[in-house]
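What follows is the residue order along each chain.
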Amino acid sequence: MAIKFITLLILVTSSFYASASLNEIKHRYNEEHQKILNEVEEEELDPEDYSLELKELYFQTYQTEANLFLKNDQFEQSTTQLQSILEAFEYKEDEVSKISEKIEAHQKELQQKKFQKNYSLEINYLSWQREIDIKSPTIKNKIIVTNQATCLGGGLHFSNAYYVYGVEGCLLTGTGDTKEKKSPPKYKESDIPLWGIKTSLNAGMIVSTAGAQLGVKLPLLYSIQNLKNPPDNTFKLKEDHKILFFPTLYTRLPLGTFFIQSEIGPFLDQSNTLYSIGAGFTF
Amino acid sequence: MKTFLVLIFALAPLTSWGYANFIGHGYPSCLNCHFNPFGGGQLNDYGRVVSATAISARTFYPDNVSEEKLAYLSGFLFRKPKQDHLRLQANYRGFSMYQNPGSEQESKRWITMQSDIRATLKFGENDKFIVSGEYGRVPMPEFPGEGLNEQQYYSRNYFVGHRPNENFGIYLGLMDKLYGIRVIEHIAYSRSNPRVSQNDPVHGISTHFLTKGWEGGISAFVGNLEQEPEYRMKGASGMLEKTVFDLHRIGASFLSSKNDFQRLTSAAIHGRFNIKEGSAILSEIGQTTKSFEDNNGNRTSRYALLQTSVRPWRGLYFLTNIEYQKQNIHQDDYSVRIGPGLQYFPIQRVELRADAYNTRNFSNDNTRKDSWLLLLQTHIWL
């Protein structure tokens, strides 16, 4: 009995310094290993039928594979097999359970870090202001045009559990109003049609398990809006077509596969703000 | 200048109503955290603990300070109450207001809008009987309000309540009218149009009921008795909410009131949606009709509110308020006010807030630059 214990102690101690592997088990205990696999599958394994030495070898192998996975993210399919064997052996249950929990948590973390692609279809209401020069040979003024439009489009997004990056685009159509009543020339136009395109890059954080997002967008807005020159021919309008750049903050809040979103920016100029509110769904 | 004064008038009394967006923390009912079952006013013990352990950041606490310790410290004067019957709270709230920052019309000022003490006496099993109220300096410059005498100190909330069981309660005193979502932003069109803002409390009686799937109440009121009689808005209001998908609330409310000069009726539907971990969506759409004795200025206005609240980290909330108002539904003009805001609770009892409001008017007859407001707010309570 004493000799058996010392032999086991030497084996166990030495195994701390050696990297146990499934190959070693297969090499030294091939017949038993195959039998164990079958018995685990059939749920017929009796732990008393196998030596403490073999059980310890399985445990060391499991520990080695777990450490490799936690360090290098390389998960061996045999790790799951080893876990089942050790659970069937009811050997070092607490330690096996702790290792299994670590593996599971790491698997979950890796899964959460993995980026996945998804698409969205969305409709947004947006509004922005722009300043347009109105000039005569001697006078130059700026007039404010307030626009609003509906923008229909979609996006491509890459997201994991923490971050989201994407690109979006939509076609917009709407109207604008302008009226200058203080400075010459007195000028008014209402319901000026416009159409255009808005594209944006976005980067955000995912801040809830439901997928609520908070981030920044870099939208480019190209619109065509034909304003008429004032009738007296003295004044001319400049720049009917323009590409506008509005860095914005955005939030997107999901309700299942549907979401609502808003964006506003850039907070730099009193008459140069874009905001939008919209809804859509992801697939 | 006139517009500026009107804005000050409107903005000064930002107040301590409940935070309806905390449905995102899984608290659909105000009763969880407030003595007043419809929200606002003094926090109860549980509300203080939630504020300390779920709402406020713990960045500035050492790691060895446990959540239990934070909960213990959340009581009045930083300790757990030693008796069951009296609860106290003191509040200070002030803010800097900048109008059109960076423009030629830039202006700024500091306003102290709240400095009060609150007390609640409670007795019986599960606090069956409560007496609650607050008293403090009047927030200037909006006082005296309509039909009120000039005063230095005032109370805008006091009531007695009896809750015979957990499902039902009845309350009598000076309270806010039951209507819509009590968002903290009292300048919201959804508060100003139906006149349910912080300076519109009324004396009356309210009932409150709460079941697993439903919550609501009805109130009858005789106006604010401190007002001259002809200004008192007398009437009734009610609100009903249903829990949907175990997480969200949808609801409806109505209000009808009148004094010697005007009659006001209003109705709204609303939704509060829990997007988890503190993130939430609040929405309300309503319509208010005001008719005057002389029929001058009669109008029906329509409003909408969408507030999104996103919590990137514990203690920090990014809010976006999007509001729509059509002052007269028979005219084309309307306004959209949109405002991003940051709300930060760095430690328990301290709230810092920065809000930017962009107001844009849509009109065929008038085009002007947006107006911007920046509000920086500090709120401390003991």
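Residues numbered from 1 in each chain as written. Chains lettered and ligands numbered in written order. Predicted model: local features only at pLDDT ≥ 70, side-chain atom pairs only at ≥ 80, totals over all residues. Heavy atoms only, no water.

**Some words on the overall build of chain B**
1) Next: Helix and strand counts for chain B come out as four helices and 17 strands.
2) Next: The C-alpha radius of gyration of chain B comes to 20 Å, within 12% of the 21 Å expected for a compact globule of 382 residues.
3) Next: Each principal axis of the C-alpha distribution contributes one length, and for chain B these read about 60 × 45 × 45 Å.
4) Next: Long-range contacts, defined here as pairs at least 24 residues apart, represent 56% of the contacts in chain B between residues at least 6 apart. (Helix = DSSP H or I, 4+ residues; strand = E, 2+ residues; numbered from the N terminus. Rg over C-alpha atoms; globule rule 2.2 N^0.38 Å. Contact = heavy atoms within 4.5 Å.)

**Observations concerning the nonpolar core**
1) Next: Within the largest apolar cluster, 22 residues are counted, with the highest numbers of intra-cluster contacts made by Ile36, Leu54, Tyr58, Tyr62, Leu86 and Phe89 of chain A.
2) Next: Taken together, the elements giving at least two residues each to this core come down to α2 (22-42), α3 (52-72), α4 (77-89) and α5 (93-113) of chain A.
3) Next: In this structure, Ile264 and Tyr275 of chain A together with Phe318 and Ile322 of chain B belong to the second largest nonpolar core, which totals 20 residues. (Core = buried A, V, L, I, M, F, W, Y, C linked by side-chain atoms within 4.5 Å. Buried < 20%, exposed > 50% of the residue type's maximum accessible area, 1.4 Å probe, protein only.)

**Remarks on α4 of chain A**
All names here are of chain A.
1) Next: Taking 1.5 Å per residue as the helical rise, α4 with its 13 residues ought to reach 18 Å, and the 19 Å between its terminal C-alpha atoms agrees with that figure.
2) Next: Looking at α4, one finds that the buried residues are Ser78, Thr79, Leu82, Ile85, Leu86 and Phe89. Taken down its axis, α4 places every buried residue within 125° of arc, on the same side.
3) Next: On its buried face, α4 sits against α2, α3 and α5.
4) Next: Looking at the residues trailing α4, positive phi occurs at Glu90, about 55°. (Expected span 1.5 Å × (residues − 1). Arc of directions from axis to C-beta.)

**Observations concerning the pattern of salt bridges**
Residues and elements named next belong to chain A.
1) Next: Applying the stated criterion across every chain yields a total of 23 salt bridges over all chains.
2) Next: Where Lys113 meets Glu109, a salt bridge forms, and the shortest distance between an N and an O atom there is 3.3 Å. With Lys113 and Glu109 both in helix α5, this residue pair falls four residues apart, about one helical turn.
3) Next: Taking the shortest distance from any N to any O, the salt bridge between Glu122 and Arg252 comes out at 3.2 Å. Of this pair, Glu122 sits in strand β1 (residues 116-135) while Arg252 sits in strand β8 (residues 248-255); the two residues are 130 residues apart in sequence, bridging distant segments of the chain.
4) Next: Residue class for Arg252 comes out buried when judged on its relative accessible area of 4%. (Salt bridge = Lys/Arg side-chain N within 4 Å of Asp/Glu carboxyl O.)

**Brief notes about the packing of aromatic side chains**
1) Next: According to the stated counting rule, one finds 15 aromatic pairs over all chains in the structure shown.
2) Next: On the numbers, 5.9 Å between centres and 35° between planes, the contact of Phe115 of chain A with Tyr165 of chain A is tilted. Note that Phe115 of chain A is positioned in the loop between α5 and β1 and Tyr165 of chain A in strand β3 (residues 163-180), a separation of 50 residues in sequence.
3) Next: Since its relative accessible area comes to 39%, Phe115 of chain A is described here as partly exposed.
4) Next: Measuring from ring centre to ring centre gives 5.9 Å for Phe159 of chain B and Tyr171 of chain B, while their planes differ by 75°; the resulting arrangement is edge-to-face. With a gap of twelve residues between them, Phe159 of chain B in strand β5 (residues 158-165) and Tyr171 of chain B in strand β6 (residues 168-175) connect regions that are remote in the sequence.
5) Next: Judged by its relative accessible area of 3%, Phe159 of chain B is buried.
6) Next: When its relative accessible area of 4% is taken as the criterion, Tyr171 of chain B is described as buried.
7) Next: Positioned above the aromatic ring of Phe259 of chain A is the side chain of Arg252 of chain A, whose terminal nitrogen or guanidinium carbon lies 3.9 Å from the ring centre.
8) Next: The ring of Tyr153 of chain B carries Arg137 of chain B above its face, with NZ or CZ at 5.3 Å from the centroid. (Phe/Tyr/Trp six-rings, centres within 6.5 Å; stacked < 30°, edge-to-face > 60°. Lys NZ or Arg CZ within 6 Å of the ring centre and 35° of its normal.)

**What to know about unusual backbone geometry**
1) Next: Going from Gly265 of chain A to Pro266 of chain A, the amide bond is cis rather than trans, its omega being 0°.
2) Next: Tracing the backbone through its elements, the reader meets Pro266 of chain A in the loop between β9 (258-265) and β10 (274-282).
3) Next: In this structure, Arg195 of chain B is a non-glycine residue whose phi angle is positive, near 60°.
4) Next: Of note, Asp246 of chain B is a non-glycine position whose phi angle comes to about 65°, a positive value.

**Brief notes about the interface of chain A and chain B**
1) Next: Facing the 40 residues of chain A at the interface are 38 residues of chain B.
2) Next: The tally of links between chain A and chain B comes to one salt bridge.
3) Next: Put simply, Glu131 of chain A and Lys369 of chain B hold a salt bridge, and the shortest N to O gap is 3.9 Å.
4) Next: Run the count over chain A and chain B and you get six residue pairs in polar contact (both at pLDDT 80 or more).
5) Next: Only β1, β2 (140-159), β3, β4 (187-206), β5 (213-224), β8, β9 and β10 of chain A provide two or more residues apiece to the side of chain A that touches chain B.
6) Next: Looking at side-chain class alone, the side of chain A that touches chain B contains 17 nonpolar, 15 polar and eight charged residues. (Polar contact = N/O pair within 3.5 Å; in protein donor to acceptor, adjacent residues only side chain to side chain. Nonpolar A, V, L, I, M, F, W, Y, C, P; charged D, E, K, R; others polar.)

**Looking at the domain arrangement of chain A**
Buried accessible area, meaning the area lost when the parts come together, often serves as the stated size of an interface.
Residues and elements named next belong to chain A.
1) Next: With domains assigned, chain A is organised as domain 1 (2-113) and domain 2 (116-282).
2) Next: Opposite the four residues of domain 1 that make contact, domain 2 presents four residues.
3) Next: Of the roughly 290 Å² buried between domain 1 and domain 2, counting both surfaces, carbon and sulfur atoms make up 45%.
4) Next: If you sort the residues of domain 1 by the area they bury against domain 2, Gln111, Gln112 and Lys113 come out on top, with a joint share of 95%.
5) Next: Applying the counting criterion to the domain 1 and domain 2 interface returns three residue pairs in polar contact (both at pLDDT 80 or more).
6) Next: In the side of domain 1 that touches domain 2, the residues fall into no nonpolar, two polar and two charged. (Domains from an automatic or database assignment. Buried area = accessible area lost by both parts, 1.4 Å probe.)

**Remarks on the pairing of β8 of chain A**
All names here are of chain A.
1) Next: Of all the eight residues making up β8, six are buried; the element is thus mostly covered by neighbouring parts of the structure.
2) Next: Sheet topology places β5 next to β8; five bridges connect them, and they run antiparallel. Across the sheet, Leu214 pairs through a bridge with Thr251, a residue of β8.
3) Next: Where β8 and β9 come together, seven bridges link them in antiparallel fashion. Residue pairing across strands places Tyr250 opposite Glu263, the latter belonging to β9.
4) Next: Between the end of β8 and the start of β9, which pair antiparallel, lie two residues, with Gly256 showing a positive phi angle near 70°. (Pairing = 2+ DSSP bridges.)

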